[in-house]
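In case you want the letters, here they are:
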Amino acid sequence: MNTRVLVSLALLVGIGAVLHTVIPGFFFGMKPDMMLLMMFLGILLFPEKKAVGLLGIVTGIISGMTTSFPGGLLPNMIDKPITAIVFAMLLLLVKKYSQSVITSAVLAAVGTVVSGAVFLTAALLLVGLPGGATFSSLFIAVVLPAAVVNTIAMIIIYPIVQAIFKRANLAAQS
């Protein structure tokens, strides 16, 4: 992995960290995870094993440190690497269509649902869910709306980032 890739990934993670910090929580402190979207963008642009692993670990740590979910550090550190691997595997399955905005949006939706399910499961087992909420209530009230938000954001952001990276000749050559 070269310096350009590392700098590009760091920029995406940094942007995700800022967005993750400023977006307010709306249901028991949970909020749409824009950092997750930046991780997905990084994987779409640099689908290498090292990049996927690095993004999953770093995103998990930073997301955990900036979360408003009570006790959310460990669940985030479990969720993000697993989600990164699942997202990368799904990307490999649809590699032929991976440059498509529709494919990236569908992958973002599926990845967000996977992330939410893993996060809520880890939180339930490790720290419990806040306010006596149930898995299904949090899944419906937070994860599904977050999937919609991330899907729409991916439709808007991916073509822009893709064009910038192609112009700067930064994206991985497939």
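Residues numbered from 1 in each chain as written. Predicted model: local features only at pLDDT ≥ 70, side-chain atom pairs only at ≥ 80, totals over all residues. Heavy atoms only, no water.

Engineer: I keep staring at a nonpolar patch on the surface and nothing clicks. Help me out?
Structural biologist: The grouping of Ile57, Ile61, Met65, Leu73, Leu74, Met77, Ile78, Ile82, Leu124, Leu125, Leu126 and Val127 at the surface amounts to a nonpolar patch, some 1,100 Å² of accessible area in total. Those elements giving two or more residues to the nonpolar patch turn out to be helix H3 (49-66), helix H4 (73-93) and helix H5 (101-126). Checked against the element boundaries, methionine 77 lands in helix H4. (Patch = residues over 30% accessible without salt bridge, like charges linked within 9 Å, V, L, I, M, F, W, Y side chains within 5 Å. Areas by Shrake-Rupley, 256 points an atom, 1.4 Å probe, with all protein chains shown as cover. Salt bridge = Lys/Arg side-chain N within 4 Å of Asp/Glu carboxyl O. Helix = DSSP H or I, 4+ residues; strand = E, 2+ residues; numbered from the N terminus.)

Engineer: What am I meant to see in helix H2 (residues 34-45) here?
Structural biologist: Relative to the 16 Å expected for 12 residues at 1.5 Å per residue, H2 spans 17 Å between its end C-alpha atoms, a close match to the ideal helical length. Among all positions in H2, only Met34, Met35, Leu36, Leu37, Met38, Met39, Phe40, Leu41, Gly42, Ile43, Leu44 and Leu45 are buried. Packed against the buried residues of H2 are helix H1 (3-22), H3, H4, H5 and helix H6 (135-167). For H2, the capping residue at the N-terminal end is aspartate 33, with a side-chain oxygen 3.2 Å from the backbone nitrogen of methionine 35. (Expected span 1.5 Å × (residues − 1). Buried < 20%, exposed > 50% of the residue type's maximum accessible area, 1.4 Å probe, protein only. Contact = heavy atoms within 4.5 Å. Polar contact = N/O pair within 3.5 Å; in protein donor to acceptor, adjacent residues only side chain to side chain.)

Engineer: Sorry, what's going on with the packing of H5 against H6 here?
Structural biologist: Helix-helix packing: each pair is described by the crossing angle between the helix axes and the interaxial distance. H6 packs onto H5 with a crossing angle of 150° between their chain directions and a minimal axis gap of 8 Å. By the angle between their axes, H5 is roughly antiparallel relative to H6. The two elements H5 and H6 cross, and the hand of that crossing is right-handed. Among the residues forming the contact of H5 with H6, the class breakdown is 18 nonpolar, six polar and no charged. (Axes fitted to C-alpha atoms, helices over the stretch in contact; angles between N-to-C directions. Parallel < 35°, antiparallel > 145°, perpendicular 65-115°, else oblique. Left-handed = near helix turned anticlockwise from the far one by under 90°. Nonpolar A, V, L, I, M, F, W, Y, C, P; charged D, E, K, R; others polar.)

Engineer: What exactly am I supposed to notice about the environment of asparagine 2 here?
Structural biologist: Structurally, asparagine 2 is set in the segment before H1. Each C-alpha atom of the pair asparagine 2 and lysine 49 lies 13 Å from the other, and the pair is 47 residues apart in sequence. From its side chain, asparagine 2 meets the backbone nitrogen of arginine 4 in a polar contact 3.0 Å long.

Engineer: How do you make sense of the environment of threonine 59 when you look at a structure like this?
Structural biologist: Considering the arrangement of structural elements, one finds threonine 59 in helix H3. Counting along the chain gives 53 residues from threonine 59 to threonine 112, while the straight-line C-alpha distance between them is 14 Å. Ignoring sequence-local partners within four residues, the contact set of threonine 59 consists of Val13, Met35, Met39, Gly64 and Lys80.

Engineer: Whenever I open this one, H1 confuses me. Can you help?
Structural biologist: One full turn of an α-helix is made of 3.6 residues, so residues set three or four places apart face in the same direction. With 20 residues, H1 extends 28 Å from end C-alpha to end C-alpha; this agrees with the ideal 28 Å at 1.5 Å per step. Considered for burial, the residues of H1 that qualify are Val5, Ser8, Leu9, Leu12, Val13, Gly16, Ala17 and His20. Where the residues of H1 are buried, they touch H2, H3 and H6. With a side-chain oxygen lying 3.0 Å from the backbone nitrogen of arginine 4, the N-terminal cap of H1 falls on asparagine 2.

Engineer: What is the right way to look at the packing of H3 against H4 in this model?
Structural biologist: It is at 7 Å that the axes of H3 and H4 come closest, and there the two elements cross at 150°. Regarding the angle of H3 to H4, the classification is roughly antiparallel. In this structure, H3 meets H4 at a crossing whose hand is right-handed. Two secondary-structure elements touch here, H3 through Val52, Gly56, Ile57, Thr59, Gly60, Ile61, Ser63, Gly64 and Met65 and H4 through Leu73, Asn76, Met77, Lys80, Pro81, Ala84, Ile85 and Ala88. Here the contact of H3 with H4 is built from residues that sort into 10 nonpolar, six polar and one charged.

Engineer: What is the right way to read the packing of aromatic side chains from this model?
Structural biologist: Any aromatic ring pair is given by two values, namely how distant the centres are and how the planes are angled relative to each other. Enumeration over the complete set of coordinates arrives at three aromatic pairs. Summarising the aromatic geometry, the rings of phenylalanine 69 and phenylalanine 119 are spaced 5.0 Å apart at their centres and angled 75° between planes, so their arrangement reads as edge-to-face. Here phenylalanine 119 lies in helix H5 and phenylalanine 69 lies in the loop between H3 and H4, a separation of 50 residues in the sequence. Between phenylalanine 135 and phenylalanine 139 the ring centres are 5.9 Å apart and the planes differ by 15°, which places this aromatic pair in the stacked class. In this pair, phenylalanine 135 and phenylalanine 139 both sit in helix H6, four residues apart, roughly one turn of the helix. Taking the relative accessible area as the measure of exposure, phenylalanine 139 reaches 18% and is therefore buried. (Phe/Tyr/Trp six-rings, centres within 6.5 Å; stacked < 30°, edge-to-face > 60°.)

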